[in-house]
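The chain contents come next:
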Amino acid sequence: MSSFSGPLTEGLQCSICLDVFTDPVSTPCGHNFCKTCLNKCWDNSQTCNCPYCKETFNQRPDLKINTTLRELTQLMKTQKDVKQMIQDRIKKIQDIKHSAEVRKVRSKLLLEMIEEQQKAAEKEEQELIEELEQEITELKMRNTELEQLSHTEDHLHLLQSYSSLSSPENTRNCSEISVKTHKSLETLSRALTKLQDTLNSKLIQTKLKWMQQYAVDVTLDPDTAHRKLILSDDGKQVRHGDTEQKLPDKPERFNFLVSVLGKVGFSSGRFYFEVQVKEKTKWNLGVVRESINRKGDIKLIPSNGYWTVVLRNGNEYWAYAHTDVSLSLRVKPQRVGVFVDYEEGLVSFYDVESSSHIYSYTGQSFTGKLYPYFSPCLNNRGANSIPLIITPVNDNK
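None of the values given here were measured: they were computed from a predicted structure. Each chain has its residues counted from 1, following the order in which its sequence is written. The predicted nature of this model means local features are confined to residues of pLDDT at least 70 and side-chain atom pairs, given and counted, to a pLDDT of 80 or more, with totals for whole chains, interfaces and linings taken over all residues. Based on all heavy atoms of the structure, the side-chain values leave hydrogens and waters out of the count.

## Overview of the overall build of the protein chain
Defined as follows: Helix and strand labels come from DSSP, where a helix needs a run of H or I of at least four residues and a strand needs a run of E of at least two; each type is numbered from the N terminus. Relative accessibility decides the category of a residue: with a 1.4 Å probe and only protein chains considered, values under 20% of the type maximum give buried, values over 50% give exposed, and everything between is partly exposed. The contact criterion used throughout is that any non-hydrogen atoms of two residues lie within 4.5 Å. For the area figures, the Shrake-Rupley method with a 1.4 Å probe applies, and any residue is considered shielded solely by the protein chains shown.
A count of helices and strands for the protein chain gives 6 helices and 17 strands. Counting every position in the protein chain, which comprises 397 residues, the buried fraction comes to 36%. In the protein chain, of all internal contacts separated by at least 6 residues, the share reaching a separation of at least 24 is 62%. Of the roughly 24,500 Å² that the protein chain leaves accessible, carbon and sulfur atoms contribute 50%.

Structure below.
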């Protein structure tokens, strides 16, 4: 249906396709339709009548383009193009601001790391200088003693003192002090690795903050829920029950996968939501195409309209792309963020609490609406009875 609205738009819509006119024509009774829509309507009927008022015509009218209406619909389409151009530029501004913010964070972290390393090096150098100066003082004292000893006539005292004075203690080989390149490279390498880890963490934190501005209010759709799923009254939690509930077998309801969808679908732009998965041993999360097959055992892969990440056996994480991808996560996610950029063909998953990336489907081609997808999986005799909980974004409780 057309995205236009307002009184002018309502007068420029075909009552057959419910969209803005394309090549508008007028019937003898004065009603207007798209030329193609009206011809199809009459081609499939034995009589020619007006689809709006049902007036019947003895012979099929010769349809002429209504040039006035056509000029107006060109105006409306121009307005649509202008609105789209505005949205494209707003999106570009958001992307530029996000890139600038990421660059600032990266530069700040790099400068802080360089300054930290500089201070550490200066401290180490100062300590080394102080130690060497102390050794110089001690060596000068020992040299004075040796000078005095060289003039003594007491040979027994000379022999007793020489052994201790000739082997200075607590002094170091200067060649070992001057050559520390290898150690410095190791220190630098560790610092760079630490910097990279810090940068990655900070960048993901910044990216998460940016994505969270696209947060949407997701509520579960009971009409899609498998009969063994129990939804909370507010539609924010779902868990698996042992027995099937007596619910109508609607076309949109899952009858094999213990799954449920969000109520609202999205066919453009970006959207983001978060789900608490704490203490669960098995779950499925992601988004699905509206046209998915909801009957029978379906593999959760993109070609079937599923873009998901799953947990199995308490600590095995998988993404079902064109091949199954095993995911190595440093920590077990407690809350998972799901981000979708429809135009970019992107579905990304993040561990919200540790600010780490889990997995991304990239370069996808979406058609129709995408719906948030949830499966708490079987309760496994109570071991996996904890519900999936749709949580408010930025709620850190």
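## Points about helix α2 (residues 35–43)
We apply this condition: By definition, the arc is the one covered by directions from the helix axis to the C-beta atoms.
Turning to α2, its buried residues are Cys 37, Leu 38 and Trp 42. Buried residues along α2 cover an arc of 125° about the axis, so they all sit on one side. For α2, exposure combined with an orientation more than 90 degrees from the buried face picks out Lys 40 and Asp 43. Considering only its buried residues, α2 is in contact with β1 (24–26), β2 (32–34), β3 (48–49) and β4 (56–57).

## Focus on the sheet that holds strand β10 (residues 306–312)
Rules: The criterion for strand pairing is that DSSP finds at least two bridges linking the strands in question.
Here 6 strands make up an open sheet; going across it, the order is β7-β16-β9-β10-β11-β12 and the pairing antiparallel. Either end of the sheet is taken by a strand with one partner, and the two such strands are β7 (260–261) and β12 (324–327). Across 6 bridges, the pairing between strand β9 (residues 283–289) and β10 is antiparallel. The residue bridging Asn 284 from the neighbouring strand is Val 310, located in β10.

## So, the environment of Lys 282
As for its position among the elements, Lys 282 is in the loop between β8 (270–276) and β9. Looking at Lys 282, the relative accessible area reads 31%, which means it is partly exposed. For the pair Lys 282 and Leu 311, spaced 29 residues apart in sequence, the C-alpha to C-alpha distance is 4.8 Å. If near-sequence neighbours (up to four positions away) are discounted, Lys 282 is found in contact with Leu 311, Arg 312, Pro 376, Cys 377 and Asn 384.

## Digging into the confidence of the model for the protein chain
Which entries qualify depends on this criterion: The pLDDT value tells you how sure the predictor is about a given residue, anywhere from 0 up to 100.
Summarising the model, the protein chain shows a mean pLDDT of 85, and 84% of its residues fall at 70 or more. Long-range and interchain partners of residues 1–7, a stretch whose pLDDT sits below 50, account for 10 contacts in this model, where long-range means more than four residues apart.

## Concerning the nonpolar core
Using the following cut-off: Nine residue types can take part in a nonpolar core, namely buried Ala, Val, Leu, Ile, Met, Phe, Trp, Tyr and Cys, and a core is a set of them joined through side-chain atoms within 4.5 Å.
Trp 283 and Phe 374 are the most contacted members of the largest nonpolar core, which totals 36 residues. When sequence neighbours within four positions are dropped, the list of residues in contact with Phe 374 reads Val 218, Leu 220, Val 258, Ser 259, Val 260, Gly 262, Phe 273, Val 275, Asn 284, Leu 285, Leu 388 and Ile 390. Among the nonpolar cores identified, the runner-up in size contains 16 residues, and Val 20, Cys 34, Cys 48 and Met 76 belong to it.

## Points about a nonpolar patch on the surface
Test applied: Distance thresholds for patches are 9 Å for like charges and 5 Å for nonpolar side chains (Val, Leu, Ile, Met, Phe, Trp, Tyr), applied to residues having over 30% relative accessible area and no salt bridge. By salt bridge we mean one thing: a side-chain nitrogen of Lys or Arg within 4 Å of a carboxyl oxygen of Asp or Glu.
Among the surface-exposed residues, Val 82, Ile 86 and Ile 90 lie close enough to one another that they form a single nonpolar patch of about 230 Å² accessible area. Along the chain, Ile 86 falls in helix α3 (residues 67–149). You can call Ile 86 partly exposed: its relative accessible area is 44%.

## Some words on the pairing of strand β15 (residues 356–361)
For β15, the tally of buried residues reaches 5 of 6 residues, placing the bulk of the element in the interior. Here strand β14 (residues 346–351) pairs with β15 via 5 bridges, running antiparallel. Note on β15: the bridge partner recorded for Tyr 350 is His 357. In this antiparallel pair of consecutive strands, β14 and β15, the connection spans 4 residues, and Ser 355 shows a positive phi of 50°.

## Things to note about the pattern of salt bridges
Here the structure, examined in full by the defined rule, presents 12 salt bridges. Asp 95 is paired through a salt bridge with Lys 91; the nearest N and O atoms lie 3.6 Å apart. Remark: Lys 91 and Asp 95 occur in helix α3; sequence separation between them is 4 residues, near one turn of the helix. Taking relative accessible area as the criterion, Lys 91 reaches 24% and is therefore assigned partly exposed. The salt bridge involving Glu 115 is made with Lys 119; its shortest N-O contact spans 3.4 Å. Here Glu 115 pairs with Lys 119, and both are found in helix α3, just 4 residues apart, close to one helical turn. On the basis of relative accessibility, which here comes to 45%, the residue Glu 115 falls in the partly exposed class. Residue class for Lys 119 comes out exposed when judged on its relative accessible area of 52%.

## Examining the pairing of strand β6 (residues 237–240)
On β6, burial follows the alternation: Val 238 and His 240 on one face are buried, whereas Gln 237 and Arg 239 on the facing-out side are not. In textbook terms, the turn of a hairpin is the stretch between consecutive antiparallel strands, and for strand β5 (residues 229–231) and β6 this stretch comprises 5 residues, one of which, Gly 235, has a positive phi near 70°. Of the pairings in the sheet, the one linking β6 to strand β17 (residues 388–391) comprises 2 bridges and is antiparallel in character. Bridging across to β17, Val 238 finds its partner in Leu 388.

## Thoughts on a negative patch on the surface
Applied cut-off: For the purpose of charge, His is not counted, nor are the chain termini; Lys and Arg are scored as positive and Asp and Glu as negative. A charge is said to be at NZ when it belongs to Lys, at CZ for Arg, at CG for Asp and at CD for Glu.
Together, Glu 122, Glu 124, Glu 125, Glu 127, Glu 130 and Glu 133 give the surface a local cluster of negative charge. One can find Glu 127 in helix α3. Given the relative accessible area of 39%, Glu 127 is considered partly exposed.

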